[in-house]
Amino acid sequence: MLSCKHLVEQASDYIDDQMTMGKKIQVKMHLFVCVSCRRYLKQLKLTIAMLGRRNQHDAPEAMCHHLLKEYQKTLPKQGS
Amino acid sequence: MNHKDRSTTQELPEESELVQRLIANDQQLFMAVVKAWHPSLYGVAAAIVGHSIADEVVQEAWVSVIKALPKFEGRSTLKTWVTRIVANEAKNRYRKESRSVSMESVDEHWATDSRIATDPRFDSSGHWNQRNPAWDIGSPDELLAAKELQDCVDKHLSRLPEQQKYIMELRDTAGMEFEEICNILEVSSSNARVLLHRARDKIQQVVAKFQRTGEC
Ligand SMILES: [Zn+2]
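What you see is a predicted model; the values in this text were computed from it and never measured.

Engineer: An account of the state of the cysteines is needed here, citing residue identities and associated values.
Structural biologist: Residue and element names in this part refer to chain B. A complete count under the given rule lists one disulfide over all chains for this structure. In this model cysteine 152 forms its disulfide with cysteine 216; the gap between the sulfur atoms is 2.2 Å. When the S-S torsion is 90°, as for the bridge of cysteine 152 with cysteine 216, the disulfide is right-handed. Note that cysteine 152 is positioned in helix H7 (residues 147–159) and cysteine 216 in the segment after helix H10 (189–213), a separation of 64 residues in sequence. Taking the relative accessible area as the measure of exposure, cysteine 216 reaches 37% and is therefore partly exposed.

If you want it as structure tokens, here you go:
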């Protein structure tokens, strides 16, 4: 059977669906019987979700102004 | 229309209407798109050229996008197309400024890193040494709200090897596909996956330790 260490090493491939069907079944079987790995997988997903929302960086106002001008200049209203 | 909210992506019209309206000078929509997509475009740029000139790179890329928009053929989604232009712009900059990071060294790092072989979380037969405890915190928002924890994550993110950080930013912050990431960073997809997992696993351990001990 797949060891916990191996499961942990392959957890991202499992989450990102980068795994063969056979491997996926092995992982699922392991998860069925192993609470520590179930928790790990849940925690890794949570970590990824957290990372995805960090450093959300808003578009600077100056950039928006500049781009709007550029947009008006380059793609003028049709018919005008 | 108010587009102050960050999560405006779902308010944008569907693809073909989006493209048509942008070509037809819908200024409000254009601004909404620039704002809604900025976090992920910024993530792509920052992963390649660093944070100091990432905004500049995104801006330059948008100028190219505006010019090329009437010729957009719709072979990918508009967002993928814009993301690719941002990545190309960033790569050009990256070459110009000839930063010393070599993506070639990935293989070497992988081969010489024995951390996984001696991972203290597992015994010699690969079982957890101790039962992995559940976390008190159950949502990403709760994790993000914990200021000290986020400072701790910041500290550890800054210590990650650059390749790991880039790949994680491209994948987890910017949401790019692996194929795209490998093209941009010129790494094999198996290396990219290993490096991505290393980075995520490291941060998981940082959060886990913080949950367990309250210490960074
Ligand atoms: Zn297990």
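Back to the write-up after that little detour.
Engineer: Which residues make up the pattern of salt bridges, and what values go with them?
Structural biologist: Residue and element names in this part refer to chain B. Under the definition given, this model contains 15 salt bridges over all chains. When the shortest N-O distance is used, the salt bridge between arginine 93 and glutamate 56 registers 3.2 Å. Taken together, the residues span a long stretch of sequence, with arginine 93 in helix H4 (residues 78–96) and glutamate 56 in helix H3 (residues 54–68) at a distance of 37 residues. Here arginine 93 falls in the buried class, since its relative accessible area comes to 13%. When its relative accessible area of 41% is taken as the criterion, glutamate 56 is described as partly exposed.

Engineer: Describe the interface of chain A and chain B, naming the residues involved and giving the relevant values.
Structural biologist: Across the contact, 45 residues belong to chain A and 63 residues belong to chain B. Between chain A and chain B, a total of about 5100 Å² is buried, with carbon and sulfur atoms accounting for 62% of that surface. When the shortest N-O distance is used, the salt bridge between Asp13(A) and Arg193(B) registers 3.1 Å. Listed by contribution, the elements that provide at least two residues to the side of chain A that touches chain B are helix H1 (4–9), helix H2 (11–15), helix H4 (35–53) and helix H5 (61–74) of chain A. Looking at the side of chain A that touches chain B element by element, the count peaks at 15 residues for H4(A). By residue class, the composition of the side of chain A that touches chain B is 21 nonpolar, 13 polar and 11 charged.

What counts, and where the lines are drawn
- Each chain has its residues counted from 1, running along the sequence as written.
- Here every chain gets a letter starting at A, and every ligand a number starting at 1, in the order they are written.
- The predicted origin of the model limits local features to residues at a pLDDT of at least 70 and limits the giving and counting of side-chain atom pairs to 80 or more, whereas totals for whole chains, interfaces and linings rest on all residues.
- The side-chain values count all of the structure's non-hydrogen atoms but skip hydrogen atoms and water molecules.
- The disulfide definition used here is simple: a pair of cysteine sulfur atoms within 2.5 Å.
- Helix and strand assignments come from DSSP, with helices taken as H or I runs of at least 4 residues and strands as E runs of at least 2, each series counted from the N terminus.
- Using a 1.4 Å probe on the protein chains alone, a residue whose accessible area is under 20% of its type maximum counts as buried, one over 50% counts as exposed, and one in between counts as partly exposed.
- Each salt bridge in this description consists of a side-chain nitrogen of Lys or Arg and a carboxyl oxygen of Asp or Glu lying within 4 Å of one another.
- Note on contacts: a residue pair is in contact if any heavy atoms of the two residues lie within 4.5 Å.
- Two parts placed together each lose some accessible area; with a 1.4 Å probe, that loss summed over both constitutes the buried area.
- Each residue receives one of three labels: charged for Asp, Glu, Lys and Arg, nonpolar for Ala, Val, Leu, Ile, Met, Phe, Trp, Tyr, Cys and Pro, and polar for the others, Gly being one of them.

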